[in-house]
Amino acid sequence: MRITSKPSVRPLGRAYSAIPLQQQAGRRYVKAWGSKAPYPLLTRDIITDAPTDVEYDAVIIGGGMGGLATAAKLVSKGASVVVLEKYLIPGGSAAHFKREGYTFDVGSSMMFGFGDKGTTNLITKCLEAVGKKIPTVPDPTQVVYHLPKSSRFPKGLEVAVWRKYEDFIAELTERFPHEREGIAKFYGECWRVFNSLNVLELKSLEEIRYLMNEFVQKPVACLNLASLLPVNAGDVARRYMKDPELLKYIDIECFIWSTVNADMTPMISCGMVFCDRHFGGINYPIGGVGRIGEELATGIVEHGGHVVYKANAKEIVMEADAQAEGGQRAVGVRLADGRVFRGKTIISNATRWDTFEAMIGPDKLPESEKLFRQRYKKSPSFFSMHIGVKAEVLGDEKDCHHVLLEDWAKMETARGVLFVSMPTLLDPALAPPGHHIVHAFTPDWIDNWQGMETDEYEAAKEKLADELCERLEALWPGLRAAITFREIGTPRTHRRYLNRVDGTYGPIPSRRPLGMLSMPMNTTDIPGLYCVGDSTFPGQGVNAVVFSAFGCAHRVLADLGREPTWPLLDKGYGKLLAAVRNAA
Ligand SMILES: NC(=O)c1ccc[n+]([C@@H]2O[C@H](COP(=O)([O-])OP(=O)(O)OC[C@H]3O[C@@H](n4cnc5c(N)ncnc54)[C@H](O)[C@@H]3O)[C@@H](O)[C@H]2O)c1
Ligand SMILES: CC(C)=CCC/C(C)=C/C=C/C(C)=C/C=C/C(C)=C/C=C/C=C(C)/C=C/C=C(C)/C=C/C=C(\C)CCC=C(C)C
């Protein structure tokens with residue numbers, strides 16, 4: 001057994017440079033190693049420059065899903081765009097990396113938004129914007145829960161969330177037969193949300209002309225959503241269900257994607273997640289999650305945009321502007337190497353903390369940002385193990401995603417919930433023949449990893465990884481002995497390679513929120529500066545971040561005069577929206 005302990009995200013390894021290069025879309029690509037499929041993967045031969053003597057319509061800091069999806073929508077409308085990515089590959093926390101024949105997803109492998117109907121299939125739609133499509137494999141389940149033992153469930157509560165809604169409801173009702181009606185009503189409310197979302201054209205809620213049109217054309221859907229904006233899932237769940245164990249189940253249903261319990265989770269997000277998994281389904285992109293970012297980056301370049309790697313944004317350049325509120329405007333981005341990219345608009349895909357504190361200055365925080373920091377705090381990061389195992393240890397396992405929790409009291413504590421993704425059950429070419437990938441991760445705080453000497457840090461990583469492997473053995477006995485490769489990442493790894501302060505995955509409410517009302521959208525109090533990604537409405541998750549990108553691109557296009565708007569009304573509406581958000 002070979003166990004290594006290296007950072008989980010690094011440049012593509014040496015093995016890949018030996019593979020014959022293909023020229024595609026003006027860039028260099030290699031064929032994926034160990035696979036016959038023609039997946040293009042960026043090599044180290046990457047693009048590191050773009051013109052600095054022009055003013056772009058948009059300069060985007062960060063090539064995560066938020067930045068790339070915004071760029072894709074903008075270039076598809078003819079805007080000139082440059083994406084500045086600090087790292088060597090596109091995709092951010094939704095990228096992938098290769099080791100010894102394995103293609104590992106950096107984050108989890110559970111992909112929403114890949115459906116082929118409705119309006120909420122946002123990943124399909126943003127790929128389409130730049131003429132791309134990725135084949136996917138349907139996941140038979142979203143997730144299988146392995147939850148704590150109790151007097152009613154002496155072996156533990158196990159629930160599979162089947163792709164087919166009726167199968168899932170039948171399984172949950174079988175576990176809680178006395179709550180048949182409540183279960184149907186709660187998930188029925190989720191469908192009311194989803195069906196409303198799934199008829200709207202999803203664009204910027206900060207643009208009045210679009211919003212009024214949607215209200216006129218789909219009044220019932222819009223009123224439904226408006227009434228649910230301040231509502232949290234826990235309140236709706238308790239309205240219909242009484243069994244404390246079932247309510248805990250609803251908590252973990254929310255926790256696995258919001259990292260908070262149902263009382264802190266907005267009902268609209270809940271409706272989106274709990275129904276899209278059955279409507280569009282969970283679908284895995286063949287070749288790995290990182291294919292999404294790669295295809296988007298290629299499409300952006302094909303549409304005349306630029307994606308620049310090794311571009312470390314250090315400062316958002318401001319200039320005096322008598323027309324702008326506050327007298328200053330964001331006009332460019334200065335990189336660590338001194339280059340300045342100027343733009344009519346500047347969009348940051350970095351977290352709010354990395355954007356405002358690090359690139360503008362903690363002493364220049366607008367009031368709205370101070371308020372945001374009182375209401376939201378950084379979500380935990382993750383401790384993650386990317387493991388290669390001999391295939392036989394998984395037996396006849398079919399389900400890609402599992403969640404393990406042995407004690408309800410630990411659900412919201414560090415290292416409590418253990419998440420598992422095994423994407424090779426859907427795309428075997430991601431591992432060498434006869435092997436599978438087991439990616440196990442658990443929420444963790446950076447504080448647990450600070451102030452350690454290197455040896456102590458390495459030993460702590462190995463110790464925790466061993467403990468998690470032991471927990472996995474409850475489901476797959478013999479797993480430890482079947483490991484052929486193991487690579488460990490801590491919150492420090494996430495901070496370092498994803499440029500996220502404390503390794504956080506975005507904001508979580510620090511007090512009970514009014515649903516989504518107080519989440520900031522894409523505009524900021526700094527004229528010319530927009531934010532996109534998981535620290536904007538509606539929060540964490542690839543599909544959520546892509547929605548934030550659709551909103552951002554639409555708002556920017558309206559401000560550039562490339563989408564119709566009603567300027568006077570629009571301005572007043574923007575102010576009203578900000579006032580409601582700040583008061584919420
Ligand atoms: N469903 C899933 O399984 C899954 C998997 C992975 C990720 N996710 C979600 O994706 C979301 C993240 O998406 P996102 O787009 O908001 O963020 P991201 O972290 O993925 O992307 C941000 C990008 O900005 C870059 N960046 C940061 N600072 C920079 C700087 N100063 N200069 C240049 N580049 C810089 C980073 O390198 C990164 O590529 C997370 O919330 C997570 O929940 C979900
Ligand atoms: C006035 C105003 C403002 C308004 C009016 C009314 C209206 C019209 C409204 C509207 C609204 C809207 C449109 C909204 C929207 C929303 C949305 C789209 C949302 C979305 C969401 C999503 C989400 C949240 C998602 C998420 C996901 C995730 C996070 C995932 C993750 C995963 C994981 C991590 C897990 C894993 C697991 C394992 C491995 C097991």
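None of these values were measured; they are calculated from a predicted model. Residue positions are given per chain, counted from 1 along the sequence in the order it is written. Ligands are numbered from 1 and chains lettered from A, in the order in which they are written. Given that this is a predicted model, residues contribute local features only at a pLDDT of at least 70 and side-chain atom pairs are listed and counted only at 80 or more, while totals for whole chains, interfaces and linings are drawn from all residues. With hydrogens and water set aside, each side-chain value is computed from the structure's full complement of heavy atoms.

Novice: Report on the site of ligand 1, specifying residues and quantitative values.
Specialist: Any residue with a heavy atom positioned within 4 Å of a molecule or strand is treated as near that molecule or strand. Within the structure, ligand 1 sits among 33 residues, and Glu85, Ser93, Ser108, Arg500 and Asp534 are positioned closest to it. Contact distances for ligand 1 include 3.5 Å between a nitrogen atom and a backbone N or O atom of Leu84. One nitrogen or oxygen atom from the side chain of Asp534 is found 2.5 Å from an oxygen atom belonging to ligand 1. Compared with its free state, where it exposes 870 Å², ligand 1 has 93% of that area covered by protein. Strands are runs of DSSP state E lasting at least two residues, helices are runs of H or I lasting at least four, and both sets are numbered from the N terminus onward. For the shell around ligand 1, the secondary-structure elements that each account for two or more residues are helix H1 (65–76) and helix H16 (542–559). For the purposes of these results, a polar contact is taken to be a pair of N or O atoms within 3.5 Å, where, inside protein, one atom must be able to donate a hydrogen and its partner to accept one; residues adjacent in sequence count only when each atom of the pair is a side-chain atom. The Shrake-Rupley method, run with a 1.4 Å probe, gives the accessible areas here. Residue values count only the displayed protein chains as cover.

Novice: Would you mind going over the confidence of the model for the protein chain in detail, with residue names and values included?
Specialist: A residue's pLDDT is the predictor's confidence in that residue, given on a scale from 0 to 100. Predicted confidence across the protein chain gives a mean pLDDT of 91, with 92% of residues reaching 70 or more. Any pair of residues with heavy atoms lying within 4.5 Å of one another is described as a contacting pair. Counting contacts from residues 1–44, a segment whose pLDDT is below 50, to residues more than four positions away or on other chains yields 119 contacts.

Novice: Break down the packing of aromatic side chains for me, with residues and values.
Specialist: The rule is short: rings of Phe, Tyr and Trp, with Trp giving its six-membered ring, pair when the centres are within 6.5 Å, and they are stacked under 30 degrees, edge-to-face over 60, tilted in between. Inspection of every chain in the model, using the stated rule, returns 25 aromatic pairs. Relative to Phe485, the ring of Phe104 lies with its centre 5.8 Å away and its plane at 20°, an arrangement referred to as stacked. Note that Phe104 is positioned in strand S7 (residues 102–105) and Phe485 in strand S21 (residues 483–489), a separation of 381 residues in sequence. Taken as a pair, Phe104 and Phe485 share a single burial class, namely buried. Residues Phe372 and Tyr376 carry aromatic rings whose centres are separated by 5.3 Å and whose planes lie at 20° to one another, so their mutual orientation is stacked. Given the relative accessible area of 5%, Phe372 is considered buried. Between buried and exposed lies partly exposed: a residue is buried under 20% and exposed over 50% of the maximum accessible area for its type, with that area taken using a 1.4 Å probe on protein chains only. According to the relative accessible area criterion, Tyr376 is buried, its value standing at 6%. Here the aromatic cluster, defined as three or more aromatic residues joined through ring pairs, consists of Phe168, Phe186, Tyr187, Trp257 and Phe274. The lysine or arginine in question, Arg492, covers the ring of Tyr457, its NZ or CZ lying 3.8 Å from the ring centre. A ring has a charge above it when a Lys NZ or an Arg CZ is no more than 6 Å from the ring centre and no more than 35 degrees off the ring normal.

Novice: Account for the nonpolar core, with residues named and values stated.
Specialist: Within soluble globular proteins, side chains that are nonpolar generally end up buried alongside one another. Only buried Ala, Val, Leu, Ile, Met, Phe, Trp, Tyr and Cys residues count toward a nonpolar core, and they belong to the same one when joined by side-chain atoms within 4.5 Å. Judged by nonpolar contacts, the single largest core of 126 residues is most densely connected at Leu74, Tyr145, Phe186, Tyr187, Tyr249, Ile252 and Met267. Domain ranges listed in this record stem from an automatic or a database domain assignment. Of the residues that make up this core, three or more belong to each of domain 1 (140–281) and domain 2 (378–503). In contact with Phe186, not counting residues within four places along its chain, are Ala233, Val236, Ala237, Tyr240, Met241, Ile250, Met267, Cys270 and Phe274. One finds Val389, Val420, Trp449 and Trp476 within the second-largest nonpolar core, a separate group that totals 24 residues.

Novice: Please set out the packing of helix H2 (residues 122–129) against helix H10 (residues 290–302) residue by residue, giving values where relevant.
Specialist: Angle between the axes and distance between the axes: these two values describe a pair of packed helices. Following both chains from N to C, one finds H2 and H10 inclined at 30°, their axes separated by 9 Å at the closest point. By the angle between their axes, H2 is roughly parallel relative to H10. On H10, the residues that touch Ile123, Cys126 and Leu127 of H2 are Ile292, Glu295 and Leu296. Split by residue class, the contact of H2 with H10 holds five nonpolar, no polar and one charged. Axes, fitted as lines to C-alpha atoms, cover a helix only where it is in contact. Angles between the N-to-C directions of the axes lie from 0 to 180 degrees. When an angle is under 35 degrees it counts as roughly parallel; over 145 it counts as roughly antiparallel; between 65 and 115 it counts as roughly perpendicular; any other value is oblique. Side-chain classes follow a simple rule in which Ala, Val, Leu, Ile, Met, Phe, Trp, Tyr, Cys and Pro form the nonpolar group, Asp, Glu, Lys and Arg form the charged group, and the remainder, Gly included, forms the polar group.

Novice: Any details on helix H12 (residues 367–375)? Residues and values, ideally.
Specialist: Within H12, the full set of buried residues consists of Ser368, Glu369, Phe372, Arg373 and Arg375. Taken around the axis of H12, the buried residues stretch over an arc of 165°, which confines them to a single face. Turned more than 90 degrees away from the buried face of H12 sit Glu367 and Gln374, all of them exposed. The directions considered for the arc are those from the helix axis to the C-beta atoms.

Novice: I'd like a description of the site of ligand 2, backed by residues and values.
Specialist: The environment of ligand 2 is formed by 34 residues, the closest being Ile256, Trp257, His402, Ser421 and Gly541. Computed on the free molecule, ligand 2 has an accessible area of 1,000 Å², of which 92% lies beneath the protein chains in the complex. Taken together, the elements giving at least two residues each to the shell around ligand 2 come down to helix H5 (208–217), helix H6 (219–228), helix H8 (244–258), helix H9 (267–281), strand S18 (401–404), strand S19 (418–421), H16 and helix H17 (567–583). The element contributing the most residues to the shell around ligand 2 is H9, with four residues.

Novice: Explain the pattern of salt bridges residue by residue, including any values.
Specialist: A pair is scored as a salt bridge if a Lys or Arg side-chain nitrogen falls within 4 Å of a carboxyl oxygen belonging to Asp or Glu. Counted according to the given criterion, the structure contains 40 salt bridges. The salt bridge partner of Arg373 is Glu369, with a shortest N-O separation of 2.8 Å. In this pair, Arg373 and Glu369 are both assigned in helix H12, four residues apart and thus about one turn of the helix distant. Both residues of the pair, Arg373 and Glu369, count as buried.

Novice: Quick rundown of the pairing of strand S9 (residues 141–147)? Include the residues and the values.
Specialist: Along S9, seven of the seven residues are buried, which leaves the element largely enclosed by surrounding structure. Strands are labelled as partners when DSSP assigns at least two bridges between them. Relative to strand S10 (residues 157–162), S9 runs antiparallel, the two sharing six bridges. Note that in S10 the partner of Val144 across the bridge is Ala160. Pairing between S9 and S18: three bridges, direction parallel. Its bridge partner being in S18, Val144 is matched across the sheet by His402.

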